[in-house]
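Here is how the chains run, residue by residue.
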Amino acid sequence: MKPFAVLIPERIDIEGIVNVNPSLFEEDYLRYLINMIVIKQGRMIENHEFQIESYFEKKPYYGSSERYVKIESLKKGSQYQKHKQLCEYLCQDNVMVNRSRTRTKLVSVFERILYIPAKNSFEYRIGAYYRKSKLKIEFIQDQQIIKAIKGNESKYDSELKRGHYKFFQKYFDQNKLQIDLPKAVELCELRHEGHKQYDKYVKEMTQITNIYNGIYRLTFKKNSLGRIYTNLTQLPKVYRRFISYNDKKLSEMDISNSVIFFMGILLDNLLNKDSIKELFNKDIYNNILNGESSFLLLMFYKSFESLSQKEVKLIQQLGRNGTFYDEFVFLFDRYFTFEEMRGLYEEDNEDNYVGTDKQKRKISKKQLLAMLFAKQTQYLKEQEVFKIKFPELLDSINKFKDEVGHEKLSYLLFQIEACFVLDVVARTFNKKNYRNAPVFTLHDCLITTSDYVDDLQQVFNECFSQYLGCFPKTEIEEW
């Protein structure tokens, strides 16, 4: 088995600490203790982002390196009995460091919150001298420690472990799904030199090493968006080129205007076909055609019943040919100043805004989606833009939000999207190609090896044509 990569603040000299007290320490267990603080702090940001279901609602999360975390003692291995003693030692000023050429001082590796019965257990963070220093990759060889770490840190929701979507799990195989660790780390260091955001740096280093180590976290949001979240969905796009499966490059197939396409499907009342009702008659979709979601559908049709066929046909046309957001680019230019456009673009993108059509389209997509799923009192300027082309549709959307709550429109549309993309297309592709190619999900994208992505697109078009009589425009991009 390959060694297990851990993240250690660069200033910490593992061998030096062990040599001072060799009877107490074993190098791999010391690396484990330090690494657990780093990766748990790194995951704090990811967990925070995950709790916010819409990307346009995300708010920054600062100070993770200042926060305290629990470090579980390993239930197996020769160091288990020493865990408390080791942590106690690391919290004391026992490590000699140089303050200058002629002066030294003693520092602690850890700081901690003391145990209070019935309130909190011991929690730790990296000591002040080492905190926020550059991270280095070291490796653990002890297989018992590696097994314990992977057991504690991996997470599989029941629907992905043994439930409805368990077929996705088998592709998260460390021997096949790999990341080029040196190149990914090199890019992460380079990015950190530019953005200077230490929390972001730690989060990305954690994401990279988790994929390398085969620590997978697979989560299914059953009761809201119906989407699957994995290491691949959380990994920033810039690192995708370092991912491979069976030594093959990956490619994604993306639905150009997924939300708009499925809104057009709803407006055409296609979900009332018997063949489609059967697809949704499962608990996995929160019973879209039953229970609460049946009520949502009834309210949707009630809110949109007076919508003109002219607007229905237009949104269906734009949703299918993938040009919906392009239609609004010139309107954003009219309603927003260059400085406003730059601010909207650069808060989510790392390149500078110069006003290209591609950049403007990104703004159009981001802001219109945000407006569609936000409260009626938000994104008022975007509502004015949308109203120019779809005045009746905007009134119907706001009426629906008034009746059932603004978040329910996203739940309805994303669960319908999940049914067709995950349960129909991905499942069909998996049955056909599971011996030869993987399938991963990235919200409205599906991913496979580049040599099978054309097959994936063909399956997609066939499935959508079978159930809906049409299919949206898709785009293929190699990672």
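Parameters and conventions
Residues numbered from 1 in each chain as written. Predicted model: local features only at pLDDT ≥ 70, side-chain atom pairs only at ≥ 80, totals over all residues. Heavy atoms only, no water. Axes fitted to C-alpha atoms, helices over the stretch in contact; angles between N-to-C directions. Helix = DSSP H or I, 4+ residues; strand = E, 2+ residues; numbered from the N terminus. Parallel < 35°, antiparallel > 145°, perpendicular 65-115°, else oblique. Left-handed = near helix turned anticlockwise from the far one by under 90°. Contact = heavy atoms within 4.5 Å. Nonpolar A, V, L, I, M, F, W, Y, C, P; charged D, E, K, R; others polar. Core = buried A, V, L, I, M, F, W, Y, C linked by side-chain atoms within 4.5 Å. Buried < 20%, exposed > 50% of the residue type's maximum accessible area, 1.4 Å probe, protein only. Pairing = 2+ DSSP bridges.

A.B. asks: Explain the packing of helix 9 (residues 258-267) against helix 12 (residues 309-321) here, please?
C.D. replies: Where helix 9 meets helix 12, the axes come as close as 8 Å, and the angle between the chain directions of the two elements is 140 degrees. One way to sum up the angle between helix 9 and helix 12 is to call them oblique. Seen from above, helix 9 lies across helix 12 with left-handed handedness. Each of Ile260, Phe261, Met263, Gly264 and Leu267 in helix 9 lies in contact with helix 12, whose residues at this interface are Val312, Ile315, Gln316, Gly319 and Arg320. By residue class, the composition of the contact of helix 9 with helix 12 is six nonpolar, three polar and one charged.

A.B. asks: I would appreciate a short explanation of the nonpolar core in the present structure.
C.D. replies: Side chains of nonpolar character tend, in soluble globular proteins, to be buried together. By size, the foremost hydrophobic cluster in this structure holds 149 residues, and its most contacted members are Tyr32, Phe110, Phe324, Phe386 and Leu393. Among the elements that take part in this core, helix 18 (residues 407-433) stands out by supplying 13 residues, more than any other. Discounting chain neighbours no more than four positions away, the residues touching Tyr32 are Ile71, Glu72, Ser73, Leu74, Ile140, Ile145 and Ile149.

A.B. asks: What should I look at first to understand the sheet that holds strand 7 (residues 155-156) in this one?
C.D. replies: Backbone-to-backbone hydrogen bonds pair the strands of a sheet. The strands run either parallel or antiparallel. Here three strands make up an open sheet; going across it, the order is 7-9-10 and the pairing mixed. Each edge of the open sheet is held by one strand with a lone partner, namely strand 7 and strand 10 (228-229). Pairing analysis gives two bridges linking strand 9 (residues 217-220) to strand 10, with the strands arranged antiparallel. Counted as the bridge partner of Thr219 is Tyr229 from strand 10.

A.B. asks: Where do I start with the environment of Glu72 in this structure?
C.D. replies: Its place among the elements puts Glu72 in the loop between helix 2 (27-51) and helix 3 (83-90). Along the primary structure Glu72 and Asn152 are separated by 80 residues, whereas in three dimensions their C-alpha atoms are 8.6 Å apart. Filtering out sequence-adjacent residues up to four positions away, Glu72 remains in contact with Tyr32, Lys40 and His83.

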